[in-house]
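This is what each chain is made of:
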Amino acid sequence: MKSAVLVFPGINRERDMARTLKLVSGVEPAMVWHADTELPAGTDLVVVPGGFSYGDYLRCGAIAARAPIMDAVRAHAAKGGLVLGVCNGFQILCESGLLPGVLMRNSKLKFICHDVHLRVERSDTPFTRGYNAGQVIRVPVAHGEGNYVADDETIKAIESEGRVIFRYCAADGTLGDPYNVNGAINAIAGIVNEGGNVAGMMPHPENHVESIIGSTDGRGLFAGLVAQFGKAA
Amino acid sequence: MKARVTVTLKTGVLDPQGKAIEGALKSLGVSGIGSVRQGKVFDIELDGADKASAEAVLKAAAEKLLANTVIENYRIEVL
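Residues numbered from 1 in each chain as written. Chains lettered and ligands numbered in written order. Predicted model: local features only at pLDDT ≥ 70, side-chain atom pairs only at ≥ 80, totals over all residues.

## So, the sheet that holds strand 4 (residues 82-86) of chain A
All names here are of chain A. This is how the line gets drawn: Any two strands are treated as partners once DSSP identifies two or more bridges connecting them. The numbering of helices and of strands both runs from the N terminus, where a helix is a DSSP run of H or I of at least 4 residues and a strand a run of E of at least 2. Interaxial angle, 0 to 180 degrees, is taken between N-to-C directions of lines fitted to C-alpha atoms, where a helix line uses only the stretch in contact. Throughout, a residue-residue contact means that the two C-beta atoms, derived from backbone geometry, are no farther apart than 7 Å.
Judged by pairing direction, the sheet is mixed, and its nine strands sit side by side in the order 2-1-3-4-11-10-9-6-7 without closing on themselves. Two strands lie at the open edges of the sheet, namely strand 2 (30-33) and strand 7 (136-143), each paired on one side alone. Looking at each pair of strands side by side, their axes are set apart by 25 degrees on average, direction ignored. By the bridge criterion, four bridges tie strand 3 (residues 45-48) to strand 4 in an arrangement that is parallel. Each bridged residue has a counterpart across the sheet, and for Leu-45 the counterpart in strand 4 is Leu-82. Strands in contact with helix 1 (residues 14-25) are strand 1 (3-7), strand 2 and strand 3; relative to strand 1, the strand with the most contacts, it is inclined by about 175 degrees.

So this is what it looks like as structure tokens:
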């Protein structure tokens with residue numbers, strides 16, 4: 001699997017992401033600068049990592065979403081290429097129009113930085129095939145603006161088309177307000193686009209891939225992506 | 001030419017920051033506040049003096065970047 005990790009000024013999770021991609025796929029990802037206009041030839045997966053691109057000025061992800069490289073990402077996605085946005089990357093994909101909705105300020109107004117449980121809603125996407133539907137995984141969140149919001153019509157479409165891939169939940173998979181850490185509509189933590197090839201999520205699976213950290217629950221996402229490309233780099 | 005673009009949240013969109021400000025005003029004893037919604041103001045200096053083209057430029061700026069029209073409305077004023 002050939003992956004490309006986008007780098008914007010103010011991003012700070014790109015090294016975690018690159019390390020995880022190398023660890024799980026065995027192939028060093030290309031780091032692609034925001035001012036570039038092309039992705040490396042043969043890129044299978046584009047990852048938009050987390051951080052604070054452009055200092056979160058204007059709106060989270062708003063300025064990065066208009067960077068030159070994003071036209072190449074749009075073209076990649078239009079051809080069915082895979083795109084994964086994590087945290088600020090999710091915000092950037094929403095701002096760029098590749099995913100619907102927007103990430104608003106957490107309902108309790110606080111930056112949250114701790115482990116959460118996620119229920120995997122379906123296992124038939126390239127991003128979740130490493131898990132079973134209904135499985136609960138534990139991964140960290142670190143965000144101040146992760147409260148997923150979209151208009152009623154969009155939410156209805158996302159839900160009826162089964163495009164929610166992760167929801168915040170209790171350790172046993174139960175949904176409920178106490179577990180919905182940022183107040184997201186329907187406890188939405190991650191979604192895919194209509195084509196199922198662009199995914200965004202607020203939590204950080206790339207930080208739970210080694211047992212020394214205490215959890216390897218994030219590894220399934222990357223292992224699934226590698227499996228998608230038949231393990232041939 | 002000077003212009004101002006005001007960006008506000010659409011009605012119905014939850015505004016936790018506005019709510020927090022509303023609560024702070026109440027706890028400060030500022031009476032008579034019903035509710036607060038937070039928005040943004042952009043003061044813009046424009047090249048040229050043609051009002052119609054200025055409005056077109058400002059509309060493009062608002063649509064392309066200043067506002068996220070999923071959740072926000074904008075208002076343009078050429079001053």
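Next comes the rest of the account.
## Overview of the confidence of the model for chain B
To be explicit about the condition: Every residue is assigned a pLDDT by the predictor, reflecting its confidence on a scale from 0 to 100.
Taken residue by residue, chain B gives an average pLDDT of 94. The fraction at 70 or more is 100%. Overall fold confidence for the complex sits at a pTM of 0.93, while the interface term, ipTM, reaches 0.83.

## Here we look at the nonpolar core
Note the threshold: Under the definition applied here, buried Ala, Val, Leu, Ile, Met, Phe, Trp, Tyr and Cys residues are grouped into a nonpolar core through C-beta atoms within 7 Å. Counts of 20 or more other C-beta atoms within 10 Å of a residue's own C-beta define buried residues, counts of 12 or fewer define exposed ones, and intermediate counts define partly exposed ones; C-beta atoms are placed from the backbone.
Counting residues in hydrophobic clusters, the biggest one holds 75 residues, and the most contacted among them are A:Leu6, A:Val83, A:Leu93, A:Leu118 and A:Ala189. For this core, the element with the highest residue contribution is strand 9 (residues 164-169) of chain A, accounting for five residues. Aside from chain neighbours lying at most four places away, what touches A:Leu6 is A:Val32, A:His34, A:Val46, A:Val48 and A:Ile69. If you look at the next biggest cluster of nonpolar residues, it comprises six residues, including B:Val7, B:Ala62, B:Leu66 and B:Tyr74.

## Considerations on the sheet that holds strand 2 (residues 40-45) of chain B
Residue and element names in this part refer to chain B. The three strands lie next to each other as 2-1-3, forming an open sheet whose pairing is antiparallel. Two strands bound the open sheet, and with one partner strand each, they are strand 2 and strand 3 (72-78). Shown here is a sheet whose adjacent strand axes are inclined to one another by a mean of 20 degrees, direction ignored. Here strand 1 (residues 2-9) pairs with strand 2 via six bridges, running antiparallel. Directly across from Ala-3, in strand 2, lies its bridge partner Ile-44.

## A few points about helix 1 of chain A
Residue and element names in this part refer to chain A. What counts is decided by this rule: A helix is expected to span 1.5 Å multiplied by its residue count minus one. The directions from the helix axis to the C-beta atoms are what the arc is built from.
For helix 1, spanning 12 residues, the distance from its first C-alpha to its last is 16 Å, which sits close to the expected 16 Å at 1.5 Å a residue. When we look at burial in helix 1, the residues that qualify are Glu-14, Met-17, Ala-18, Thr-20, Leu-21, Val-24 and Ser-25. Looking straight down helix 1, one finds its buried side chains confined to an arc of 165 degrees; they lie on one side. Directly after helix 1, the chain includes Gly-26, whose backbone phi takes a positive value near 80 degrees.

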